[in-house]
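Letter by letter, the chains look like this.
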Amino acid sequence: MNHSARALADPIPFIDVAAQRRRLGRAIDDAIARVTTHCQFLQGPEVAAFEADLAAFCGAHYAVGCASGTDALLLVLMAKGIGPGDAVICPAFTFCATAEVVVLLGATPVFADVDAATFNIDSKSVLRAVATAKRHGLKPKVLITVDLFGLPADYDALLEVATAEGLFVLDDTAQALGATYKGRKLGTLAPATATSFFPAKPLGCYGDGGAVITDDPGLVEILKSLRVHGQGADKYDNVRIGLTSRLDTIQAAVLIEKLKIFPDEIAAREQSAQRYAEGLKDVAIVPIVPEGLTSVWAQYTIRLAPGVRDGVAAKLKAQGIPTGIYYPKPLHRLEAYRRFPVVDNGIPVTDQLAEEVLSLPMHAYLDTATQDRVIKAVRGALEA
């Protein structure tokens, strides 16, 4: 094999965290060193500084850091007193954490269908899910919207349903922080927004981390108590049942630096998404962004004809090109969640998408040559 052939076969990263690390360079080293110098590893000054930066970035009043995106969801549900007998409406086409937190509190997730074009929860299915919950003798309390793959859900329609049905809206924007809906950043659309800083997220730290973004000062007070074992005046004055879920100071220091370049990275992701769309729109169903919305493209997910995906993925893998399937099994088909209610008329779109979706390499440092290689390989696999 000659040099050019070897280069074509060299594996490329699905998400290139190392490229971002090289860009940040000394800034990250210095940020971490400041923490290791002052040794305030829990609730150090960088935590409050990042919370303020994040709130300002989103256009919200408050951000409360915690240990993970899963905990961010859990803490909000705990603050709202969700428990046995309560129903929480969520999409079936999402990562398990969305429903996991509901079950951990003894409440019941009710799975709704999603929109085929956006992959996000369908407001009409939410209405049916409310009826399904009531038929099961449950009290519908919360709607968890999920901004899948970086794209905001349809908040005009969803908030209208939530208001009519008396549902508290919790935005699970673990994949979409930085996206906008009709001129507003995610973090301001729902009463509470939970996000994740898992390293592979568009805004990721160097471990686990999460945050809740809100304009509600009363909710902030409860969240800050819950994340430290339900503390009151101090950590030995426990006024509620809580847990330990703090954002580490080192992670906050890393995130402060990453947030500075985040707008540039979002713009780069958008350019890559446009290039993918132009190169693949005639051979696959490419994702859309409705008018007035923006995506941060946590994943670039195409749809292929049923039965085609595995062969395409195998051909790409042979050429050093990784792919992902989000999600091969929707929540209602996972062993741990099969016993929970599904909206009465079923979730056919979710079931269909699970057989068709394929995610391609996507990150802010995806250069043109590498992306052209991916596009050429996808086209070749589909046209063969």
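Here, the structure is the one placed above.
Residues numbered from 1 in each chain as written. Predicted model: local features only at pLDDT ≥ 70, side-chain atom pairs only at ≥ 80, totals over all residues. Heavy atoms only, no water.

Peer 1: Outline the nonpolar core, listing residues and values.
Peer 2: Counting residues in hydrophobic clusters, the biggest one holds 92 residues, and the most contacted among them are F50, L54, F93, L170 and F197. At seven residues, helix 5 (residues 69-79) tops the list of elements feeding residues into this core. Setting aside anything within four residues of it in sequence, one finds F50 in contact with F197, L247, A252, L255, I256 and L259. With 23 residues, the next largest nonpolar core counts Y276, A284, W297 and L304 among its residues. (Core = buried A, V, L, I, M, F, W, Y, C linked by side-chain atoms within 4.5 Å. Buried < 20%, exposed > 50% of the residue type's maximum accessible area, 1.4 Å probe, protein only. Helix = DSSP H or I, 4+ residues; strand = E, 2+ residues; numbered from the N terminus. Contact = heavy atoms within 4.5 Å.)

Peer 1: Give a detailed account of the packing of helix 4 (residues 45-58) against helix 10 (residues 249-280), specifying residues and quantitative values.
Peer 2: Packed helix pairs are specified by the crossing angle of their axes together with the interaxial distance, meaning the distance between the axes. The interhelical angle for the contact between helix 4 and helix 10, taken along N-to-C directions, is 25 degrees, at an axis separation of 8 Å. Between helix 4 and helix 10, the interaxial angle falls into the category roughly parallel. Seen along the crossing, helix 4 lies across helix 10 with a hand that is left-handed. Contacts between helix 4 and helix 10 pair E46, V47, A49, F50, D53, L54 and F57 from the former with T249, A252, A253, L255, I256, L259, F262, P263 and I266 from the latter. For the contact of helix 4 with helix 10, the residue count by class is 13 nonpolar, one polar and two charged. (Axes fitted to C-alpha atoms, helices over the stretch in contact; angles between N-to-C directions. Parallel < 35°, antiparallel > 145°, perpendicular 65-115°, else oblique. Left-handed = near helix turned anticlockwise from the far one by under 90°. Nonpolar A, V, L, I, M, F, W, Y, C, P; charged D, E, K, R; others polar.)

Peer 1: Describe the sheet that holds strand 3 (residues 108-112), with residues and values.
Peer 2: Read from one edge to the other, the open sheet built from seven strands follows the order 1-9-8-5-4-2-3, with strand pairing classed as mixed. Unpaired on one side and paired on the other, strand 1 (62-66) and strand 3 mark the two borders of the sheet. Strand-to-strand twist across the sheet, computed as the mean angle between neighbouring axes with direction ignored, equals 25 degrees. Strand contacts of helix 7 (residues 123-135): strand 2 (86-91), strand 3 and strand 4 (139-146), with the helix running at about 140 degrees to strand 3, the strand carrying the most contacts. (Pairing = 2+ DSSP bridges.)

Peer 1: Can you break down unusual backbone geometry residue by residue, with the values?
Peer 2: The omega torsion of the bond from Y326 to Y327 falls at 15 degrees, within 30 degrees of zero and hence cis. Structurally, the position occupied by Y327 is in the loop between helix 11 (309-318) and helix 12 (348-356). At C39, a residue that is not glycine, the phi angle is positive and equals roughly 65 degrees. Relative to the helices and strands, C39 resides in the loop between helix 3 (26-38) and helix 4. C39 gets classed as partly exposed once you look at its relative accessible area, which sits at 45%. Phi angles above zero are rare outside glycine, and K182 is one such case at about 50 degrees. Structurally, K182 can be placed in the loop between strand 6 (180-181) and strand 7 (184-185).

Peer 1: Any chance you could break down helix 12 for me, citing the residues and the numbers?
Peer 2: Regarding helix 12, the residues found buried are T350, L353, A354 and E356. Buried residues along helix 12 sit in contact with strand 3, strand 10 (300-303), helix 11 and strand 11 (357-360).

Peer 1: I'd like a rundown of the pairing of strand 1, residues and numbers included.
Peer 2: In terms of burial, strand 1 is largely enclosed, as four of its five residues are buried. Sheet analysis places strand 1 next to strand 9 (residues 210-214), joined by five bridges and oriented antiparallel. Bridged to C66 within strand 9 is G210.

Peer 1: Please give an account of the packing of aromatic side chains that cites residues and values.
Peer 2: Applying the stated criterion across every chain, the model contains 12 aromatic pairs. Where F93 meets F119, the ring centres are 6.4 Å apart and the plane angle is 40 degrees; that geometry is what we call tilted. Here the residue F93 occupies a position in the loop between strand 2 and helix 6 (97-104), and F119 occupies one in the loop between strand 3 and helix 7, the gap between them amounting to 26 residues. Aromatic pair W297 and Y300: ring centres 5.4 Å apart, planes at 35 degrees, arrangement tilted. An aromatic cluster is defined as three or more aromatic residues linked by ring pairs; in this entry it consists of F14, F93, F119, F149, Y326 and Y327. (Phe/Tyr/Trp six-rings, centres within 6.5 Å; stacked < 30°, edge-to-face > 60°.)

Peer 1: Just give me the short version of the pattern of salt bridges, but keep the residues and values in it.
Peer 2: For the coordinates displayed, the defined rule picks out 18 salt bridges. Note that R21 and D29 form a salt bridge whose closest N and O atoms lie 2.4 Å from each other. Judged by its relative accessible area of 29%, R21 falls in the partly exposed class. The partner of D30 in a salt bridge is R26, and the shortest N-O contact between them spans 2.7 Å. Taken together, the positions of D30 and R26, both in helix 3 and four residues apart, correspond to about one turn of that helix. Taking relative accessible area as the criterion, R26 reaches 60% and is therefore assigned exposed. Here the residues in one salt-bridge network are R34, E257 and K260, joined through shared partners. (Salt bridge = Lys/Arg side-chain N within 4 Å of Asp/Glu carboxyl O.)

Peer 1: Can you tell me about the side chain of T145, naming the residues and giving the values?
Peer 2: In this structure, T145 sits in strand 4. On the basis of relative accessibility, which here comes to 0%, the residue T145 falls in the buried class. Not counting residues up to four positions away in its chain, the partners in contact with T145 are I121, A153, Y155, L158, V169, L170, D171 and D172.

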